[in-house]
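# Overview (structure and organization)
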Amino acid sequence: MSVEQRPLWVEEPAVRPRLPDPVRTAAVRAVIIVAATLMQAVVAFLSTLAGSWLAFPMVLSSVGSTVLATWGVLDVWVTRQVWNQRNGVVSMPSSTARKLRRERRRARRAARTTQGAARIRSTDGSGQRLSRA
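Here is what the cut-offs are and how they apply
Sequence order sets the numbering: in each chain, residues are counted from 1 along the sequence as written. Only residues with pLDDT of 70 or above have their local features reported here, since the model is predicted, and side-chain atom pairs are shown and tallied only from 80 upward, although totals for entire chains, interfaces and linings are computed over all residues. Derived side-chain values reflect all non-hydrogen atoms in the structure, with water molecules and hydrogen atoms excluded from consideration. Helix numbering and strand numbering both begin at the N terminus, where a helix is a DSSP run of H or I of at least 4 residues and a strand a DSSP run of E of at least 2. Contacts are assigned to residue pairs with any non-hydrogen atoms lying within 4.5 Å of each other. Helix span is expected to be 1.5 Å times the residue number reduced by one. Only protein chains enter the accessibility calculation, which uses a 1.4 Å probe; a residue whose area is less than 20% of its type maximum is buried, one above 50% is exposed, and one in between is partly exposed. UniProt positions are given in the numbering used here, feature names are shortened, and annotations may be inferred rather than shown by experiment. Counted as salt bridges are all cases of a side-chain nitrogen of Lys or Arg within 4 Å of a carboxyl oxygen of Asp or Glu.

## So, the side chain of Ser-47
Mapped onto the elements, Ser-47 comes out in helix α1 (residues 21–50). When residues no more than four places from it in sequence are discounted, the contact partners of Ser-47 are Ser-52, Leu-54, Ala-55 and Met-58.

## Some points on α1
Relative to the 44 Å expected for 30 residues at 1.5 Å per residue, α1 spans 44 Å between its end C-alpha atoms, a close match to the ideal helical length. Every buried residue belonging to α1 is among Val-23, Ala-26, Ala-30, Ile-33, Thr-37, Gln-40, Ala-44 and Ser-47, and all of these are buried. Those residues of α1 that are buried lie in contact with α2 (55–87). Looking one or two places after α1, you find Gly-51, whose phi comes out positive at around 75°.

## Thoughts on the UniProt feature "transmembrane region" (unreviewed entry) in the chain
As annotated by UniProt and renumbered to match this structure, "transmembrane region" (unreviewed entry) occupies residues 26–47 and 53–78. Overall, residues 26–47 shows 100% helix and 0% strand. The separation of its end C-alpha atoms is 31 Å. Within residues 53–78, the helical portion is 92% and the strand portion 0%, while the C-alpha atoms at the span's ends are 39 Å from each other.

## Things to note about the pattern of salt bridges
Under the defined criterion, the tally for this structure stands at three salt bridges. The partner of Arg-18 in a salt bridge is Asp-21, and the shortest N-O contact between them spans 3.8 Å. Since its relative accessible area comes to 64%, Arg-18 is described here as exposed. Here Arg-29 makes a salt bridge to Asp-75, at a shortest N to O gap of 2.7 Å.

This is how it looks when you write it as structure tokens:
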């Protein structure tokens, strides 16, 4: 009796690509800060219910931690936006936009070539412009 052995796990391709390194770093930092803030808030709440002397300092530090956690989450968002802007999100412009851009590029090239030809004709061999007096 031969039982077919299955592997413990089967690797499957990722559905979404990994986050870029700077964004992932900011996200991990934000998760740690938010988790610490939540623990601090729970301790502040429980010490307030117990009437402990620790309640007031914990509430104050929870307010500060909330500000820090908000900064951490915003940092993830800003880092992601900056990364997308610098490293170019692949975009597919419509065919109309592509055609207009191509026409503008051709017009610029044509203007540059006529300008360059005029500049070459108006100089003698030394590179000095000829005076038209």
